[in-house]
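Each chain, written out:
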Amino acid sequence: PALLQMSGSQPQLGRAVPCLRCRGTCTGFEPHSWRKICKSCRCSQEEHSLSSELEDDRKIGRLLADSKYSTLTARLKGGDGARVYKRNRMIVTNPNISGKDPTFDTVTYEWAPPGLAQKLAMQYMELIPKELQPVAGTDGALQRRRRLARQLPLYDQDPAQCRGLAEGERGLMEEFVKRYKAEALGVGEVALPGQGGGGKDEGKAQDKSGFDPWDKRAPAAQPRSLPASLLQRCETCKQAVPGDCPVVYADRAGYSRQWHPACFVCCRCSEPLVDLIYFWKGGAAWCGRHYCESLRPRCAGCDEIIFSEDYQQAEGLAWHKKHFACLECETPLTGKPFALANASLLCTICSQSKRL
């Protein structure tokens, strides 16, 4: 059977972690002041994969704590009292009988849907593109951790990790986090068609209100009831769902909706939702990053959510006023001429020197 294991402690990765995107042109991560990028190569922190597995599990544990999904977390003995994600690892042992003496091949999945028999869990994995299967030691496992860093940044849930908060804004952020945990945060459930929620919740209300009080745009349309002919179709691709293949359910959507495993993606960026963690809004599933951005602007400088109503805007992007500065020399640019390329601000002097 699949094994449920707690992630063990791993040594903290140092700053000298080369960029995965640059492939050798960057010798290691060098923090760039308050920005979440490398000073050397300008790539984001997740391209360097600086966090350890234990730090990742602590981050998800913090996210799910104080929510109805807290059963997916646990307190480590001898720890600091914080809750840690009970990440379900699956270890599969297959006999290899090609030789004279049988041997065994062991495959470890860094994450698998919890609460499933191994056969159903393996069916789920086979429906995920092979390059995205989180097998330990493969690019799929690395991609999972990079999606985790991008979709669920720690500074979207922990005010202590934010450098852009002004005095008096910590309470606003704490309320923001408290509300999205209560109203939007969800973890997908894997089951056979018709068996989501134990098969007992077919009549569950979907999107109790079409209006999100955090969204300053027009209210979303009231959700429609799906006709019986569509109840066994994937919400994303609209293709039929075979009765013997696992599907993903999102309890906040109601159990009359289901997704193929490869189709449970963010409605904004189309990335697979890491560990099936989603945010429900407007009749669709979002990753954490884009859900937060749909409610509040995100600073193009520090990558944090902006809680002030007084911020800088240019060409569809937003900045904390104190972060509206040149990428190269840090000169504040409010009220000054500037150049903007690929979301990077440059003063006129640094922009000219780049062209030389």
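To start, this report covers the structure provided alongside it. Note that the coordinates shown come from a computational prediction; the quantities given were computed from them, not determined experimentally. (Residues numbered from 1 in each chain as written. Predicted model: local features only at pLDDT ≥ 70, side-chain atom pairs only at ≥ 80, totals over all residues. Heavy atoms only, no water.)

### Comments concerning helix α2 (residues 118–126)
An α-helix turns once every 3.6 residues. As a result, residues three or four positions apart point the same way.
Line of reasoning, step 1. Inspection of α2 places Leu120, Ala121, Met122, Tyr124 and Met125 among the buried residues, and these make up the whole buried set.
Line of reasoning, step 2. The secondary structure elements touched by the buried residues of α2 are β5 (90–96), β6 (103–109), β8 (189–191) and β9 (247–249). (Buried < 20%, exposed > 50% of the residue type's maximum accessible area, 1.4 Å probe, protein only. Helix = DSSP H or I, 4+ residues; strand = E, 2+ residues; numbered from the N terminus. Contact = heavy atoms within 4.5 Å.)

### Observations regarding the pattern of salt bridges
Line of reasoning, step 1. Scanning the entire structure with this criterion turns up 22 salt bridges.
Line of reasoning, step 2. Put simply, Asp57 and Arg87 hold a salt bridge, and the shortest N to O gap is 3.0 Å. Within this pair, whereas Asp57 is found in helix α1 (residues 53–64), its partner Arg87 is found in the loop between β4 (83–85) and β5, the two being separated by 30 residues in sequence. For the pair shown, Asp57 and Arg87 are each scored as buried.
Line of reasoning, step 3. Across the pair Arg89 and Glu110 runs a salt bridge whose closest N-O atoms are separated by 3.3 Å. Of the two residues, Arg89 sits in the loop between β4 and β5 while Glu110 sits in the loop between β6 and α2, which places them 21 residues apart along the sequence. (Salt bridge = Lys/Arg side-chain N within 4 Å of Asp/Glu carboxyl O.)

### Observations regarding the side chain of Arg296
Line of reasoning, step 1. Mapping Arg296 onto the fold places it in the loop between α5 (288–295) and β12 (312–314).
Line of reasoning, step 2. At a separation of 3.1 Å, a polar atom in the side chain of Arg296 contacts the main-chain carbonyl oxygen of Ile306. (Polar contact = N/O pair within 3.5 Å; in protein donor to acceptor, adjacent residues only side chain to side chain.)

### Quick look at α1
Line of reasoning, step 1. Between its first and last C-alpha, α1 extends 17 Å over twelve residues, near the 16 Å set by a 1.5 Å rise per residue.
Line of reasoning, step 2. Counting buried positions along α1 yields nine of twelve residues, so the element is predominantly enclosed.
Line of reasoning, step 3. All buried positions along α1 are accounted for by Glu53, Leu54, Asp56, Asp57, Lys59, Ile60, Gly61, Leu63 and Leu64.
Line of reasoning, step 4. On its buried face, α1 is in contact with β3 (73–75), β4, α3 (139–151), α4 (170–183), β7 (185–187) and β10 (277–281).
Line of reasoning, step 5. The first or second residue beyond α1 is Asp66, which carries a positive phi of 60°. (Expected span 1.5 Å × (residues − 1).)

### A few points about the packing of aromatic side chains
Line of reasoning, step 1. By the definition in use, this model includes twelve aromatic pairs.
Line of reasoning, step 2. For the ring pair Phe176 and Tyr180, a centre distance of 5.7 Å and an interplane angle of 90° mean the geometry is edge-to-face. Taken together, the residues Phe176 and Tyr180, both in helix α4 and four residues apart, mark about one turn of the helix.
Line of reasoning, step 3. By relative accessible area, which is 2% here, Phe176 ends up buried.
Line of reasoning, step 4. The interplanar angle of 80° and the centroid separation of 6.1 Å between the aromatic rings of Trp259 and Trp280 together place this pair among those described as edge-to-face. Taken together, the residues span a long stretch of sequence, with Trp259 in the loop between β9 and β10 and Trp280 in strand β10 at a distance of 21 residues.
Line of reasoning, step 5. Through a chain of ring-to-ring contacts, the aromatic side chains of Phe176, Tyr180, Phe279, Tyr291 and Phe307 assemble into a single cluster.
Line of reasoning, step 6. A cation sits over an aromatic face here: Lys281 above Trp286, 5.2 Å from the ring centre. (Phe/Tyr/Trp six-rings, centres within 6.5 Å; stacked < 30°, edge-to-face > 60°. Lys NZ or Arg CZ within 6 Å of the ring centre and 35° of its normal.)

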